[in-house]
Amino acid sequence: MTAARKLRWSASRLVIAAVLPVLALAACKPNAQQAASSAPPPLAALPLSDSAAPPITPAPPVSALPPAPRARVARLADPNQEYAFADRAYAMASAFGDAPPDYAFDYGNGERPWVWMGDDQSMRVAEPLPGGYERYYYYEPGSDTPYLVTDGDYSYGYDGGALVVVYDRRGHRLPPDEMERRAQFAGQYLARSQAIYQASRRQQREAVAQANWAARRSAIDAQRAQWAAAQAADQDWRAYHDAHQQDEQAHWAAERYRREAQAARFAQAVNDQQLAQQDWQAAQRAQARAAAAGQIPAPGGGPFHFGQKPPPVTAQAPPVQPPPGQAAPGQAIPGQAPIGPGTRVQPNGPPPSQSQPGAFQADAQRRAAEQAQAAAASRQAAAQQAQVEAQRRGQLQSQAEAARQAQTQAAAAQRTQLEAQRRADQQAQVQAAAARQAQAQAAAAQRAQLEAQRRAEQQAQIQARTQAAAAQRAQLEAQRRADQQAQVQARAQAAAARQAQAQHQAQVQAQAQAQAARQAQQNAAAQAARERAATKPAKPEPTPHPRRVGPNGEPLPANN
C-alpha cells in the first residue's frame, strides 16, 4: 500500500464524519435522483455497442496456460496486512458495482477481456472461464503487475511480483505452506497478467457489445455478492475491513458515484426499473460521500452544475448588472485580468496586470478561452440534460412515491436481514468456538494417544533389543565353550597320538637293539668258533643240520 494512498486515506478521515448528514440531506431533496443522473461517465468508458455481439470465447484454465517460472514466495513484514490484498480488490469491485465494462480488446484466439479502468488509472480485467466463472486481475495505478488474481476457486495476492498470500474460494487465508504448493499456478497467472496488461495498452479499444454484457452481468454480480458474503463470514477479514472501511469508501466515493449512475442508465435502457432505482439510490449515497470528501462539488451547485436543474435552452435570462467597480461573470474590469475559476483577488497591492504587463494579454486570452470552452461545455451539458429530463420527467413523477415506499420496505428488510445476519454470525462464532475447543480436545487426546503409542513402541523396541542381545550373548558363550571343549579334545587327541607314536618308536628301537644284540652275539659265536677251529686239528666236518631260527632271528633247537 503506497504512502500516497495512506496519506489520502488519512486526510479523508477529517471529512468522513460529514457523510451521514449529507446523505440525509440528499435523500430529502426532491431532485436528488436528477442530481445523480447528471454524473459524468467514467473517463475511459466507451458506450456499449448495439451491433451484432461477437461470440464469447472462454479463456484457458490455469492448467492449460503456457509454462512459466514459479512465482517467488515471500512473507509479509506486517502480518496484519494479510487481508489487505483481498479487501483492496473487494473495495474496487464494490466501487465498480454492476456498471458495464469500459472497453474490451482483442487478445487473440477470439478472446476479448473486459476492462474497468478507474479515473485514478487503477484497473480491473475480467476474462470468462469455462463453467461460467470469471477470472479477475486487479492492478494498482500504473503497475503492470497485479496485486490480486482470483479465479473463483483461489485468489493469489502479490507484493512487487512476489506471492505473499493465497485465499480459498470462501476468502479464508490459507497456511503459508499452501503458497509453496501453488507457486507454479501463481507464476503462470503472473505471466499472463503482465501480457494482458501490455495488450490492453497496445491493442485498439473496442466497445463491449450490449448483448454480451446483458448475458454476463448477472453472473458477475453473483460472484461479487458471493465475495461480499465471504468477507462478512470470515472473522479476520471482517475485522480488517471494519478497520479500513471508511478509508476505502472515501477513496472510491467519486468513482462509485459515476459507476452507479452508469449502471442505472443501463438498467433503464433495458427497462429494469427496479434495479435502476436501486442504482440511482446507491449513486446518491456515493455522491454525498464524494462531496463530503471534497472529491466532487456538493449536490445543488458547482462549476459543473452537478445537481442543478438545467435552464431552458430557448430562453435566456437578462444579463445581471454588476455593482459599481466590479465585472459581470466572465468579463474583465478595465486594467485588470478577468476573474475566473482559480484566480486569486489581491485585496491589497496592484492587480496582476500592473505587476506583469507583458503577461496580461496572454493570460487574458487563455482565461477567456477557458471560460468560453467551459461555457460551451456547460451549455451542451445543460441541453443534453434537459433533453434527458424531458424524457424521464413523466416516468419519474409516477415512480417517486413507489420508490420511496420501496426504499422504506427495503430499509426495513435490510435491517431485519442485518439483524438476522448478526445473530447468525454470533451463533456461528459460538459454534466455531465450540468446534475449535472440541478440535483442540480431540487433538490433545490424539497427541496423548500417539505419545503413549510411541512410548510403548520404544519400550517394546528396548525389550526386543535386550532379549536379542541376551540371546546373542548366550549363543556366543555356548560357542565359546564348545570351542574350548573342542580345543581340549583336540589337545588330548594330539597328546595320545604323540604318546602312541613315542611308544611305537620305543618298540621299534627296542626291536632294533635286540636284533643288534643277537647279531653281535652271533658274530661273537662265529668268531669264537673260528678261533677254536684254528687251534684244533682239523676234523672232518659233520654234515651240518640246517639251523632253525625263530621269528625274531633267535636260533631254535635242532630236531633229533
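Residues numbered from 1 in each chain as written. Predicted model: local features only at pLDDT ≥ 70, side-chain atom pairs only at ≥ 80, totals over all residues. Heavy atoms only, no water.

Draft legend 1. Layout of the packing of helix H4 (residues 84-96) against helix H7 (residues 210-233). Following both chains from N to C, one finds H4 and H7 inclined at 140°, their axes separated by 11 Å at the closest point. Comparing the axis directions of H4 and H7 gives the class oblique. Where H4 crosses over H7, the handedness of that crossing is left-handed. For the pair H4 and H7, contact is made by Ala86, Ala89, Tyr90 and Ala93 and by Arg224, Trp227, Ala228 and Gln231, respectively. Residues that form the contact of H4 with H7 fall into these classes: 6 nonpolar, 1 polar and 1 charged. (Axes fitted to C-alpha atoms, helices over the stretch in contact; angles between N-to-C directions. Helix = DSSP H or I, 4+ residues; strand = E, 2+ residues; numbered from the N terminus. Parallel < 35°, antiparallel > 145°, perpendicular 65-115°, else oblique. Left-handed = near helix turned anticlockwise from the far one by under 90°. Contact = heavy atoms within 4.5 Å. Nonpolar A, V, L, I, M, F, W, Y, C, P; charged D, E, K, R; others polar.)

Draft legend 2. Structural context of empty space enclosed by the protein. Taken as a whole and assessed by the stated rule, the structure comprises 2 cavities of 30 Å³ or more. Size it by volume and the largest cavity reaches roughly 280 Å³. What lines the largest cavity is a set of 20 residues, and nearest its centre among them are Thr150, Gly152, Arg169, Gln223 and Trp227. Looking at the lining of the largest cavity, the elements that each hand over two or more residues are H4, strand E4 (134-139), strand E7 (162-168) and H7. Per-element tally for the lining of the largest cavity: the top contributor is H7, with 6 residues. Considering only residue class, the lining of the largest cavity consists of 9 nonpolar, 6 polar and 5 charged. (1 Å grid on protein atoms, 1.4 Å probe; cavity = no way out; pocket = protein on both sides within 12 Å on 5 of 7 lines; lining within 4 Å. Points joined across faces, edges and corners; volume = space filled by probe spheres on them.)

Draft legend 3. Representation of the sheet that holds E7 in the model. Taken in spatial order, the 7 strands of this open sheet run E1-E2-E3-E4-E5-E6-E7, and their pairing is antiparallel. Lying at the two open borders of the sheet, with one neighbouring strand each, are strand E1 (103-104) and E7. Both E1 and strand E2 (residues 114-117) contribute to a ladder of 2 bridges, which runs antiparallel. What sits directly across from Tyr103, in E2, is Val115. (Pairing = 2+ DSSP bridges.)

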